[in-house]
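# Architecture and fold: a report
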Amino acid sequence: MIEKVMQLYRNHKDVIPYLFWGVAATVVNLVSFYLLDKYTSLNYVINYSVAWVITVLFAFYTNKYFVFHNQHHSTKEFWYQMATFFAGRFLTFIIGAGILMFGVSVLKFDSSLGKNLVNVVQNIVVIILNYFWAILVSFRKKEEQSH
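Residues numbered from 1 in each chain as written. Predicted model: local features only at pLDDT ≥ 70, side-chain atom pairs only at ≥ 80, totals over all residues. Heavy atoms only, no water.

Rule in force here: UniProt positions are given in the numbering used here, feature names are shortened, and annotations may be inferred rather than shown by experiment.
The name given to the protein chain in an unreviewed UniProt entry is GtrA family protein, with the source organism recorded as Fructilactobacillus carniphilus. Word for word, the UniProt comment on the protein chain under Subcellular location (unreviewed entry) is "Membrane". Reading the Sequence similarities (unreviewed entry) entry of the UniProt record for the protein chain gives the comment "Belongs to the GtrA family."

Structure below.
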């Protein structure tokens, strides 16, 4: 039994720190969105966009160094990682914004609580998609990139 648990851990050891830092990034996003929604008169899509930039910068560094323990060997490699990370996050930004707009504008979750609840839902979808993008594109092991 213990060996099965240890094997499961070894097979998915990147998932545990990803979940931890993913939760931290989600908190950064939710708090940023909430504070912008509460203290500015900006449109919720603008608030979502600003919170996204803050969150992606946080997530890039935590994913690179604490989740995938990824080192870059050149400036070019660092910028490749950052560019692909932001590209993937931009794709999920569009998906998340779509979920948020659908929830607020179509389903009429347009109260402050409603907008924040829809933001939680879109964050869950986006976290899952971002994980696969990070492992398959941005932070692939060097030997996998050459194939």
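## Regarding the overall build of the protein chain
Basically, it comes down to this: Starting at the N terminus, helices and strands are each numbered in turn, a helix being any DSSP run of H or I of at least four residues and a strand any DSSP run of E of at least two. Exposure classes here rest on a 1.4 Å probe applied to the protein chains alone. A residue is buried below 20% of its type maximum, exposed above 50%, and partly exposed in between. Note on definitions: a residue-residue contact is assigned when non-hydrogen atoms from the two residues lie within 4.5 Å. Accessible surface is estimated by sampling points in the Shrake-Rupley manner with a 1.4 Å probe; for residues, cover comes only from the protein chains shown.
Counting its regular elements, the protein chain contains six helices and zero strands. Each helix and strand of the protein chain, placed in order from N terminus to C terminus, yields the pattern α-α-α-α-α-α. Expressed as lengths along the three principal axes of its C-alpha atoms, the size of the protein chain is roughly 45 × 45 × 25 Å. Considering the protein chain as a whole, with its 147 residues, one finds that 36% of them fall into the buried category. Long-range pairs, those at least 24 residues apart, make up 68% of the contacts in the protein chain with a sequence separation of at least 6. In the form shown here, the protein chain has an accessible surface area of approximately 8900 Å², with 74% of it arising from carbon and sulfur atoms.

## Brief notes about the packing of aromatic side chains
Where we set the bar: Each Phe, Tyr or Trp ring (for Trp, its six-membered ring) is paired with any other whose centre lies within 6.5 Å, and the angle between the two planes then decides the class: stacked below 30 degrees, edge-to-face above 60, tilted in between.
Going through the model one piece at a time under the given rule, you end up with 15 aromatic pairs. Centroid distance Trp52 to Phe90: 6.3 Å. Interplanar angle 75 degrees. Geometry classified as edge-to-face. Placement of Trp52 in helix α3 (residues 44–67) and of Phe90 in helix α4 (residues 75–106) is noted, with a sequence separation of 38 residues between them. Residue classification places Phe90 among the partly exposed residues on the basis of a relative accessible area of 42%. Note on Phe60 and Phe85: the rings are 5.3 Å apart at their centroids and 65 degrees apart in plane angle, and the pair reads as edge-to-face.

## Things to note about the UniProt feature "domain: GtrA/DPMS transmembrane" (unreviewed entry) in the protein chain
UniProt tags residues 18–138 as "domain: GtrA/DPMS transmembrane" (unreviewed entry). Annotated as 87% helix and 0% strand, the span residues 18–138 places its first and last C-alpha atoms 14 Å apart.

## Quick word on the environment of Val104
Here Val104 is to be found in helix α4. A sequence separation of 30 residues divides Val104 from Ser74, and the C-alpha atoms of the two residues are 44 Å apart. Once residues within four sequence positions are removed from consideration, Val104 is found in contact with Tyr44, Phe109, Asp110 and Lys115.

## Here's the deal with the nonpolar core
To keep things clear, this is the line we draw: As used in this record, nonpolar core signifies buried Ala, Val, Leu, Ile, Met, Phe, Trp, Tyr and Cys residues forming a set joined through side-chain atoms within 4.5 Å.
By size, the foremost hydrophobic cluster in this structure holds 24 residues, and its most contacted members are Phe33, Tyr48, Phe60, Phe68, Phe85, Leu100 and Phe139. Every element with two or more residues in this core is listed here: α2 (15–39), α3, α4 and α5 (112–138). A total of eight residues in this core trace back to one element, the largest contributor, which is α3.

## Considering the pattern of salt bridges
We count it as follows: One speaks of a salt bridge when a side-chain nitrogen belonging to Lys or Arg is within 4 Å of a carboxyl oxygen belonging to Asp or Glu.
By the definition in use, this model includes one salt bridge. A salt bridge links Lys115 to Asp37, with the shortest nitrogen-to-oxygen separation between them at 3.2 Å. Taken together, the residues Lys115 in helix α5 and Asp37 in helix α2 connect sequence positions 78 residues apart. No difference in accessibility class separates Lys115 from Asp37, as the two residues are buried.

## Some points on the packing of α2 against α3
Convention followed: Angles here are taken between N-to-C directions and fall from 0 to 180 degrees, while the axes themselves are lines fitted to C-alpha atoms, restricted in helices to the stretch in contact. Under this scheme an angle from 65 to 115 degrees is roughly perpendicular, one under 35 degrees roughly parallel, and one over 145 degrees roughly antiparallel; angles in between are oblique. Less than a right angle of anticlockwise turn of the near helix away from the far helix marks a crossing as left-handed, whereas a clockwise turn marks it as right-handed. Put simply, Ala, Val, Leu, Ile, Met, Phe, Trp, Tyr, Cys and Pro go in the nonpolar bin, Asp, Glu, Lys and Arg in the charged bin, and everything else, Gly too, in the polar bin.
Running from N to C, α2 and α3 cross one another at 155 degrees; their axes reach a closest spacing of 8 Å. On the basis of the axis angle, α2 is roughly antiparallel to α3. As for how α2 packs across α3, the hand of that crossing is right-handed. Grouping the amino acids of the contact of α2 with α3 by side-chain chemistry returns 18 nonpolar, six polar and one charged.

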